[in-house]
Amino acid sequence: MSESGMGGGRQPRWVVQSAPFLRQGVTTPGLMRDVLLAVAPVLVMAVLYFGASALLVCLAATLGAVLTEAAFAPRLPGRSRFARLTDGSALLTGVLLGLTLPPALPLWMAFLGGVVGIGLGKLIWGGLGHNLFNPALVGRAFLQAAFPLSLTTWSVPSRALGGNLWTLRAGNFAWPLMQPAAQPDAMTAATPLNLMKFDHQATALADLLRGQIAGSLGETSAAVILLAGIFLVARRAFDWRIPAAILTTVAAFSGVLWWLAPQRYPSPAFMLLSGGLMFGAVFMATDPVTSPLAPRGAWIFGAGVGVLVVLIRVWGGMPEGVMYAILLMNGAAPLIERVTQQRAFGHRALAARKAKAAAPGAGR
Amino acid sequence: MSSLSTLAASFRHGIHPSEHKEATEGLAIQRMPFVERYVLPLSMHTGAPCRPLVAVGDAVERGQVIAEPGGFVSTTLHSPVTGKVVALGPRRYPNGNLVQALEIEIDPFSPQRLLPRAPVDPFPLSDDEFVTEVQRAGLVGLGGAAFPTHVKYKPPPGKTVTRLVVNGCECEPYLTTDHRLMVERPDAILRGIAIAAHRLRVEETVIGVELNKPDAIRALEGAVVKAGAGDEVRVVPLRVKYPQGAEKMLIEAVYGFEVPSGGLPLDVGCVVNNVGTMAGLTDWFDGGQPLIERVVTVGGPGVERPANLLVPVGTPVRAVLDHCGGLKAATREVVMGGPMMGQPLAGLDVPVLKGTSGLLAFTEAETRLPAEYTCIKCGRCVDACPQFLNPSRLQRLARAGRWDEVERWFVNDCVECGSCTFACPSGIPVVQLIRVAKSALREQKAKEKAEAQAKEAEAKAAEAKAAQTTASAAAAGGQG
């Protein structure tokens with residue numbers, strides 16, 4: 001059609017794009033950025049507690065994840081192979097994986113975890129948005145299966161080492177494919193969950209809240225993680241129902257056990273604040289790709305994670321079960337989504353009308 | 001009331017796009033001057049096309065019937081000007097199709113007076129007479145879908161109407177036509193309501209107006225008091241939310257009723273009419289003026305002088321834009337209707353229709369496609385969808401071409417409001433993909449139906465043939 005309706009001079013190009021023309025302005029990289037922003041204080045706390053080793057482990061895992069994404073993700077047409085990275089998802093996977101690892105882990109293992117997390121956890125499924133399981137947890141599950149000893153060697157916080165943040169842990173620098181030398185006993189400690197499971201010894205709740213405990217990098221300070229979660233809920237970066245369901249279920253389930261036999265079972269407060277629960281509930285289970293997309297589904301998914309966590313912690317062979325609980329529920333997410341699909345507008349009324357019509361003269 | 005904005009009624013889900021109404025909401029409606037030629041498509045409403053009653057060369061008067069309804073769900077077409085029919089043939093329609101249209105050249109020496117018609121008292125008419133009268137006025141829903149109004153005043157037997165819901169939401173950003181009408185002609189709207197409410201024998205009438213139009217709410221409330229209709233008519237302020245003007249959403253906002261899937265407002269005892277349609281009833285019964293002109297908001301960042309114009313139906317879009325100072329050089333796209341559901345135009349040589357609520361000119365900023373990422377199932381579309389669908393799932397299935405499955409995920413309940421695309425952080429054209437899925441599904445259904453019919457016809461033919469042979473064999477046997 002003619003374009004003479006336009007002003008004189010050079011004719012600008014017309015487009016015929018279909019409505020809507022307005023957008024909210026929230027973008028996927030923006031959402032990833034929000035989560036990275038929320039996880040930053042957790043990382044800072046990890047460095048404060050475990051020293052520079054924490055940063056190194058996170059960096060190694062992130063490098064593994066990002067390089068794998070750049071090398072193997074399908075290229076965007078006409079763009080550099082690094083263009084994929086701009087969505088920020090591989091970076092986030094790497095950082096989250098790093099924060100689930102112990103501080104003295106050999107760096108090559110952390111790197112390998114990142115590679116496996118992105119490779120087997122995401123790319124093999126078709127990349128961002130297509131994976132069934134949380135990539136960071138796939139990476140961690142792989143490491144746990146391959147190097148069980150290194151993954152359960154919990155070093156003491158830096159304070160116990162003299163408080164120098166720059167003291168690096170020897171374990172970090174084991175040669176690739178080599179296990180680190182056994183650490184002296186003074187350098188390692190049991191996590192609160194270990195203490196509970198094997199020695200029946202509870203840790204003070206204040207220590208759990210502040211994070212002055214042995215454990216994975218990111219799982220130490222429940223308070224910081226909780227604040228990060230509140231920030232993310234305010235930014236609508238994830239479905240608040242999932243962490244709410246997980247925490248409520250764990251509290252309720254362990255609360256009942258504790259009420260029945262307070263001598264045998266840990267208190268609900270201890271259950272909530274220890275181990276990877278808070279970190280998993282806020283940062284792992286809420287991954288939108290691997291959780292059900294339906295409000296009722298989110299409740300079921302979260303409740304499932306909560307029940308599994310308590311089952312594994314209380315009756316399982318391992319002291320901690322958050323990772324497997326989330327991975328198992330990831331597998332069930334599509335099924336949950338399918339059965340909890342909300343009824344479309346007008347279908348309730350339609351069903352009611354049909355039922356009325358089908359009722360043989362009832363109510364007349 | 002407006003201070004209680006967060007407590008005001010609304011429907012569930014929906015979105016909050018920025019309103020962009022500042023440019024035109026304060027501008028009084030102005031009459032667009034007459035131009036040389038008018039193009040009147042014979043089908044600018046939902047339903048059967050009109051049948052032309054004039055021939056090329058005929059002189060016509062402003063307000064004269066030039067085409068009659070082509071069925072019950074169809075309406076009358078009037079000449080918007082005094083002049084001469086110069087053509088009857090295919091003309092470009094805003095959606096790009098060619099449709100049969102009458103072209104009328106204005107008589108430059110005519111004073112353009114309306115063909116006189118004595119006022120009709122609508123109250124003593126019988127129901128059928130009233131419906132015919134409204135059909136004779138050429139009235140259609142002025143919100144955009146252009147559904148013939150008279151059809152709504154003839155509920156099928158067995159359906160009772162108890163409530164008239166008058167739509168003054170105007171939830172589409174940029175548009176301010178209904179807003180101005182409510183501010184400038186509240187008495188005409190109230191008079192139309194009296195006519196419609198009497199005919200439908202409703203118990204109550206509500207006018208739903210969003211809280212971003214406090215002056216309209218005040219004007220209508222004043223008119224209600226003036227008309228002494230306080231017992232029957234309520235002005236209901238609604239929370240500002242899109243798509244509140246969709247009739248099912250409006251009913252939910254006001255009454256909390258859910259119109260059954262595939263059903264009509266009638267199924268919950270409601271009739272929904274636009275405020276413009278109410279004023280149109282008044283114009284026809286009291287003033288003898290059929291629907292030959294309507295208010296159009298000309299706006300958007302690409303237009304020189306935004307305005308609310310009273311435009312004769314059939315005026316070329318180009319003429320309207322020129323009257324508003326033309327388009328800025330930065331204009332990339334012109335849209336007929338609102339920015340959420342409007343029709344993009346491939347050219348400006350198309351007419352303003354009865355259903356045209358706005359002409360919006362957009363620049364680079366509004367038309368630039370956002371960077372697209374894969375769906376991460378964040379659920380923002382699910383929270384936005386007023387129909388409680390799963391747009392994330394639907395766009396995925398549409399991409400994969402799985403038409404059978406989209407139907408099971410309620411694709412046909414989609415009202416195409418575009419809230420999903422608006423909310424999507426991954427820049428996915430969700431509603432656009434759903435539209436593709438809907439039309440593909442329709443095509444597949446039509447094909448299946450045609451195949452089934454062909455098969456049936458074949459089977460029948462074979463049966464008939466078999467019957468014939470047995471009959472002739474029997475006849476032969478009888479002879480032997």
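About the criteria used
Residues numbered from 1 in each chain as written. Chains lettered and ligands numbered in written order. Predicted model: local features only at pLDDT ≥ 70, side-chain atom pairs only at ≥ 80, totals over all residues. Helix = DSSP H or I, 4+ residues; strand = E, 2+ residues; numbered from the N terminus. Rg over C-alpha atoms; globule rule 2.2 N^0.38 Å. Buried ≥ 20, exposed ≤ 12 C-beta atoms within 10 Å, placed from the backbone. Contact = placed C-beta atoms within 7 Å. Nonpolar A, V, L, I, M, F, W, Y, C, P; charged D, E, K, R; others polar. Pairing = 2+ DSSP bridges. Axes fitted to C-alpha atoms, helices over the stretch in contact; angles between N-to-C directions. Expected span 1.5 Å × (residues − 1). pLDDT = per-residue confidence, 0-100.

To continue, consider the overall build of chain B. In terms of regular secondary structure, chain B is built from 15 helices and 17 strands. Against the compact-globule benchmark of 23 Å for 480 residues, chain B has a radius of gyration of 25 Å, which places it among compact chains. Seen through its principal axes, chain B has C-alpha atoms that stretch 95 × 60 × 50 Å. Among the 480 residues that make up chain B, the fraction classed as buried is 52%. For chain B, long-range pairs separated by at least 24 residues make up 72% of all intrachain contacts whose partners lie at least 6 apart in sequence.

By convention, interface size is frequently given as the accessible area that disappears when the constituent parts associate. The interface is formed by 55 residues belonging to chain B together with 42 residues belonging to chain A. Those elements that place two or more of their residues in the side of chain B that touches chain A are helix 9 (317-323), strand 15 (331-336), helix 10 (364-367) and helix 14 (419-423) of chain B. For the side of chain B that touches chain A, the leading source of residues is strand 15 of chain B, giving four residues. The residue makeup of the side of chain B that touches chain A, split by class, is 29 nonpolar, 18 polar and eight charged.

Bringing the environment of Leu 31 of chain A into the picture now. Its place among the elements puts Leu 31 of chain A in helix 1 (residues 28-50). Taking the number of C-beta atoms within 10 Å as the measure of exposure, Leu 31 of chain A has 26 and is therefore buried. With 57 residues separating them in the primary sequence, Leu 31 of chain A and Gly 88 of chain A have C-alpha atoms 9.1 Å apart. Apart from residues no more than four positions distant in its own chain, Leu 31 of chain A is found in contact with Val 26 and Ala 237 of chain A together with Cys 378 and Pro 425 of chain B.

Below, the discussion takes up the sheet that holds strand 1 (residues 30-31) of chain B. All names here are of chain B. Across the sheet, which stays open at both edges, the six strands sit in the order 1-14-13-17-15-16 with mixed pairing between neighbours. The two strands at the open ends of the sheet, each matched to only one other strand, are strand 1 and strand 16 (343-344). By the bridge criterion, two bridges tie strand 15 to strand 16 in an arrangement that is antiparallel. Along strand 16, the bridge assignment pairs Val 335 with Pro 344. Strands in contact with helix 4 (residues 177-184) are strand 13 (293-299) and strand 14 (307-312); relative to strand 13, the strand with the most contacts, it is inclined by about 125°.

Next up on the list: helix 8 (residues 275-287) of chain B. Residues and elements named next belong to chain B. The end-to-end C-alpha distance of helix 8 is 17 Å, a good match for the 18 Å that 13 residues give at a rise of 1.5 Å each. Of all 13 residues that make up helix 8, eleven are buried, and the element is covered over most of its length. Residues Val 275, Gly 276, Thr 277, Met 278, Ala 279, Gly 280, Leu 281, Thr 282, Asp 283, Trp 284 and Phe 285 constitute the buried set of helix 8. Residues of helix 8 that are buried in the fold lie against helix 3 (149-152), strand 9 (163-168), helix 4, helix 5 (186-200), strand 12 (270-274) and strand 13. Backbone geometry just downstream of helix 8 places Gly 288 in the positive-phi region, at approximately 70°.

This part covers the confidence of the model for chain A. Chain-level pLDDT for chain A is 85 on average; 88% of the residues reach the 70-or-more range. Overall, residues 1-9 of chain A carries pLDDT values under 50, and its contacts beyond four positions in sequence, including any with other chains, amount to 18 contacts.

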